[in-house]
Structure formats: structure tokens, C-alpha cells
Amino acid sequence: MSRHDPGGTGGVSRVWTEAELDEALDALHADVRADEAVVERARSGLPPTSECGPLPRRRGPSRWWVAAAVAGLVAAGATVTQILPSGDGVGVPAAATLERASGSAAGLATTPGRYRYVETHAWWITTTEVGGARFAWRSEHLRETWVPHRQTDEWWHRRDVTGEREWVLGSEEQARAAGVEFTPGEVDEGEWRVPCGDWFAEQPCTRPGGWHNPTPEWQAGLPRDPGALLDRLRRDAPDNTRGDVELLVLAAQALRSGLLTEEVRSALYAALASLPGLEVTAERANVDGRVGTALGMDDGTVLEEIIIDPDTGRFLGDRQVASGGSDLPEGTVLSYTAVSVSVVDAAGKRPEG
């Protein structure tokens, strides 16, 4: 995503040559530094919780954030892979970044008796109104999943709400005085051991595959041609009112699972590279401070962003930022996640180090 920088100094005053852009791309990870402000605000991306319903929409997409982001990134010394969309998918340097990620999307295969360990560190937003006063805060969630080599076997899953909060509207003291309760729901904390990872299904292993549940069988049926895969994303998008932004949301949901094969992940990056309006920005930190390349789209209300490592193709996290049309200030980080995937020897075991 692009950084919200209301105090920025303006846009870029010159046009980069192809040679300069290529040089910037080559230097993508030279002298990488995590901007503390970005790290502090970096976000997670499962759909945010809101007791007041979805954020209201406004007409027409907003692109003010592009110039602000460029100014902020240049001032911070970050590499801008692409400044503006070309109209037919992303520009040459941005496409090259995705192509490199696609070509290096390393797989993480398990063997019988071993487990894929998926750790999600998330901050999700909650909004509520009590006695005419509105409150909004992000709460910290930790989720761990152990996926067996044969996915129809028993999975382990743990959820924890740490009690840490980041305030967006109001304060802890004001909220408690108004009677706001912070007790986690029964699905927010606990441990589950269920075949197929179907924690809440009445009958395990009957939930259909999809972008929310990328089973091996479902992945096997996906097209590998980037154009055909983009068409499939469009057919599966449930909310056409958001246009192509919803395609990025679907992609993030599948990537966040940690279950996509190397082949599918490569095809998905190649499909996203042809997505009109995609903004690609280098050196964007996620919630845990890991730095990657951001792929962002704005529907005029919320800026959606996924963050990947362009050298390994690994998904690092995603976030959502208010871009207008709501009672939350533009640039407010709504939610953000950091995801890491590794292989361990047993369920319940965490990676060493």
C-alpha cells in the first residue's frame, strides 16, 4: 500500500527514465531500512470487525494518496518501483518486480509426519457507539495453525487475544467509563483439533474449496495461465461494487492461508501483474517489521494492500487503510497482519529461533 502522508511535501517533480527505473529496481533491497512509523502502523488484513457495519462508500476512486505516497517514500529514501498505473496493468518496472517474485516463489513442502506451521500476528479494528460517543480501536490477535502433510488428517489451531489495544477514536479510560466491554468472543480464543481445518463446520472435510479455503483439490483445478486466472478471480469475486479491488482481497485471503503451492502462487503474481490500477511500491514494512513490496488498490473508501518479498515470492502480510468516505480520518490503518510459514516436526511445536 501507499503510505498516508498528509504532511508530505508534494509529488515528484521529474519523470524517471527507463534506465533510472531499472536501476531503482536492481537496488530494491539495497540498504533496506524499516521506517518506524510504517512499522508502527503496518497492518493485517482479514476483514476488519465493526459493530457498526461496513464503512460507508463514496463515489469514485480517490488517487490523492499516490502523490502523497511518492513524496513520503522519496523523502524517506525508499525505492519507488512504479509511481502511476500505465492503464493496461502495471508499468514495466512493477511488472518486472512481480515477474521476479513469480519466478522465485519458493515452495515449502512437508513430508509425512511433519506439519506446515502458519503463524498470523494481526491487529484488527473494532468500532462501537455507547451513549452517543464513538470508539474505535485495533486489538492484537495471535493465531497459530499446524497443517498435516495429508490435509484430511487432524489440524491444530490456537487463537489468543493479547489484550493490547491501539486507539483510533477515544481512549481506554473514556471507553471503560462509558461501559465498553473488551471480553473476547468465544471464537477469538481457544484451541481446536479438527480434520481439514474445519474449526466450526458441523461436518469436517465437507467445506468446499475456494480462495478462503485453498484445498489441494481446489488448487489443482485453477488455471495456470495468468489471463485465465485473472478471469477466474473476477468470476469468484463476491462484491462487484468494489471492482477489481475485490480481486486483491481474494488473492490476499488465499495467500494468508500459507497453503498455496509454488506453482499457484507464481501464477497468481503473474495474474496480478496485469491488473489495471494496481499500485506497486517498494520497501513497505508489515506488522512485524519485515520489509517487502506492496501491491495496493483503492476503491475510494479503503486502500487494500498485500506485501510480498520480491526476491522469494513469500507473502509477508496485508493491511487496510481508510482512504475517505467514513468518519475515520483518511490514512487510518484499519487492520493489518503479518504471516510467516515454516515446517515443524510435530503439531504444537514452534520453529526454533
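**Considering the overall build of the chain**
Argument step 1. Counting its secondary structure elements, the chain contains nine helices and nine strands.
Argument step 2. Across the 353 residues that make up the chain, the buried fraction comes to 50%.
Argument step 3. In the chain, the share of contacts with a sequence separation of at least 24, taken over all contacts with a separation of at least 6, comes to 68%.

**A look at helix 7 (residues 226-236)**
Argument step 1. Within the sequence span of helix 7, burial applies to Leu 229, Leu 230, Arg 232 and Leu 233. Angularly, the buried residues of helix 7 cover 155° about the axis, an arc narrow enough to put them on a single face.
Argument step 2. Packing partners of the buried residues in helix 7 comprise helix 6 (216-220), helix 8 (245-256) and helix 9 (262-272).
Argument step 3. For helix 7, the N-terminal capping position is held by Asp 225, with its side-chain oxygen 3.1 Å away from the main-chain nitrogen of Gly 227.

**Examining unusual backbone geometry**
Argument step 1. Located in the positive-phi region is Cys 196, a residue other than glycine, with phi close to 65°.
Argument step 2. When you line up the elements, Cys 196 lands in the loop between strand 4 (190-195) and helix 6.
Argument step 3. Phi is positive for Cys 205, which is not a glycine, with a value near 70°.
Argument step 4. Examined against the element boundaries, Cys 205 turns out to sit in the loop between strand 4 and helix 6.
Argument step 5. The class for Cys 205 is partly exposed, based on a relative accessible area of 39%.

**Looking at the pattern of salt bridges**
Argument step 1. Scanning the entire structure with this criterion turns up 20 salt bridges.
Argument step 2. Arg 232 is the partner of Asp 236 in a salt bridge, and the nearest nitrogen-oxygen pair spans 2.9 Å. With Asp 236 and Arg 232 both in helix 7 and four residues apart, the pair spans about one turn of that helix.
Argument step 3. In this structure, the salt-bridge partner of Arg 242 is Glu 304, at a minimum N-O distance of 3.1 Å. Taken as a pair, Arg 242 in the loop between helix 7 and helix 8 and Glu 304 in strand 7 (residues 302-308) lie far apart in primary sequence, 62 residues in all. Here the two residues Arg 242 and Glu 304 agree in accessibility, since each one is buried.
Argument step 4. One network of salt bridges, in which partners are shared, links Arg 242, Glu 246, Asp 299 and Glu 304.

**Brief notes about the packing of helix 7 against helix 8**
Argument step 1. One can describe the packing of helix 7 onto helix 8 by two numbers: an axis separation of 9 Å at closest approach and a directional angle of 100°. Between helix 7 and helix 8, the crossing angle belongs to the class labelled roughly perpendicular. Packed against helix 7, whose contacting residues are Leu 230, Leu 233, Arg 234 and Asp 236, the element helix 8 presents Leu 247, Leu 250 and Ala 251 at the interface.
Argument step 2. Here the contact of helix 7 with helix 8 is composed, by residue class, of five nonpolar, no polar and two charged.

How each quantity is defined
Residues numbered from 1 in each chain as written. Predicted model: local features only at pLDDT ≥ 70, side-chain atom pairs only at ≥ 80, totals over all residues. Heavy atoms only, no water. Helix = DSSP H or I, 4+ residues; strand = E, 2+ residues; numbered from the N terminus. Buried < 20%, exposed > 50% of the residue type's maximum accessible area, 1.4 Å probe, protein only. Contact = heavy atoms within 4.5 Å. Arc of directions from axis to C-beta. Polar contact = N/O pair within 3.5 Å; in protein donor to acceptor, adjacent residues only side chain to side chain. Salt bridge = Lys/Arg side-chain N within 4 Å of Asp/Glu carboxyl O. Axes fitted to C-alpha atoms, helices over the stretch in contact; angles between N-to-C directions. Parallel < 35°, antiparallel > 145°, perpendicular 65-115°, else oblique. Nonpolar A, V, L, I, M, F, W, Y, C, P; charged D, E, K, R; others polar.

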